[in-house]
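Given next are the chains, with one letter for each unit.
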Amino acid sequence: MKLYADLHIHSCLSPCGDELMTPNNIVNMALLKGLDIIAVSDHNTCGNLSAVCSVAAQNGLTVIPAMEMETMEEVHTLAYFATLEDALSFSDEIYTYLPSVANNPDFFGRQLYMNDDDEIVAQEPKLLLSALSITVEEGFEMVKKHNGIAVPAHIDRPSHGMIPILGFINPHLGVTCVEVSPIGIAQGFAQYDPRLLTITNSDAHDLGSILEPIHQIELEQNTPEAFLEMLRRGKA
Ligand SMILES: [Zn+2]
Ligand SMILES: [Zn+2]
């Protein structure tokens, strides 16, 4: 089936995410826009996914548990999981590699943990926008260990994109799919390696930026498992 997707959205736990990016607002905006499947991927954490997944389940929207990790090269990689449990165990391990740098909420924004009712239950004290003390290779291994699949994020972007920073996508990483930003699509980055699947997402930090129904993915079923299967298969 063809599904309208936006697989890179930040919640209010990301310091740069608008505080209106609450679990209920994200799910309701995605439904309002006519999306079938989304992923919420905060910087270096899966801390709001329990609430997002529970709200989505109550409203019949499919959410893929995800994270956008920043490894020591300052490269961003999306990690996708079939289950919340896998995402949370991955997140716990990632947290141990997050530097102990305190967030400055006045400068970067607050980092809000929310429950199903969009109530603030806590604030993350460590700055989530830091680079982790692991390499891209180690990050990819860790995603795999927790049954996830890593997808280099916005590979075209001068800031945090794998190609401008590292110069190429190392074949040893076993990448099957890359995210290209809408600008990168116009610049031809989807043709970087014709063997790779390409996805394009909003990277929304505010509600209005969540995608209109414009990008479709083809899955056997509308489930996170089927999405992971698509990534695993790659461009067969
Ligand atoms: Zn990014
Ligand atoms: Zn992002």
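Residues numbered from 1 in each chain as written. Chains lettered and ligands numbered in written order. Predicted model: local features only at pLDDT ≥ 70, side-chain atom pairs only at ≥ 80, totals over all residues.

Undergrad: Sorry, what's going on with the pairing of strand S3 (residues 62–70) here?
TA: Successive residues of a regular strand alternate their side chains across the two faces of the sheet. Most of S3 is tucked away: nine of the nine residues are buried. Taking every second residue as pointing to the same face, both faces of S3 are buried, with Thr62, Ile64, Ala66, Glu68 and Glu70 on one and Val63, Pro65, Met67 and Met69 on the other. As defined by bridge partners, strand S2 (residues 37–43) adjoins S3 across seven bridges and the pair is classed as parallel. Bridging from a neighbouring strand, Ile37 pairs with Thr62 of S3. Once the chain exits S2 it traverses helix H2 (residues 49–59) before rejoining the sheet at S3, and the crossover so formed is right-handed. (Buried ≥ 20, exposed ≤ 12 C-beta atoms within 10 Å, placed from the backbone. Helix = DSSP H or I, 4+ residues; strand = E, 2+ residues; numbered from the N terminus. Pairing = 2+ DSSP bridges. Right-handed = clockwise from strand over helix to strand, strands pointing away.)

Undergrad: What exactly am I supposed to notice about the nonpolar core here?
TA: One recurring pattern in soluble globular proteins is that nonpolar side chains are buried together. Grouped together as the largest cluster of nonpolar side chains are 63 residues, with contacts concentrated most on Ile38, Val52, Ala79 and Tyr80. Take this core: its biggest share by element is six residues, from H2. Beyond its immediate chain neighbours, meaning those up to four positions away, Tyr80 contacts Ala39, Ile64, Ala66, Gly148, Ile149, Val151, Phe227, Leu228 and Leu231. (Core = buried A, V, L, I, M, F, W, Y, C linked by C-beta atoms within 7 Å. Contact = placed C-beta atoms within 7 Å.)

Undergrad: I tried to follow the pairing of strand S4 (residues 76–80) on my own but got confused; where do I start?
TA: Within S4, five of the five residues are buried, which leaves it mostly tucked inside the rest of the structure. Burial of the side chains of S4 extends over both faces: His76, Leu78 and Tyr80 are buried on one face and Thr77 and Ala79 on the other. Bridge count for S3 against S4 is five bridges, and the pairing is antiparallel. Looking at S4, one finds that Met69 is bridged to Thr77. Remark: five residues form the turn of the hairpin made by S3 and S4, two consecutive strands paired antiparallel; Glu74 in that turn has positive phi of roughly 70°. Across four bridges, S4 lies against strand S7 (residues 149–152) in antiparallel orientation. From the neighbouring strand, Thr77 faces S7, where its bridge partner is Pro152.

Undergrad: I would appreciate a short explanation of helix H5 (residues 136–145) in the present structure.
TA: A turn of α-helix holds 3.6 residues, and therefore any two residues three or four places apart point the same way. Turning to H5, its buried residues are Val136, Gly139, Phe140, Met142 and Val143. Axial view of H5: buried residues confined to an arc of 160°, hence all on one face. Seen from the open side of H5, the exposed residues pointing more than 90 degrees away from its buried face are Glu137 and Lys145. On its buried face, H5 sits against S3, S4, helix H3 (84–95) and S7. One or two residues past the end of H5 sits Asn147, with phi positive at roughly 65°. (Arc of directions from axis to C-beta.)

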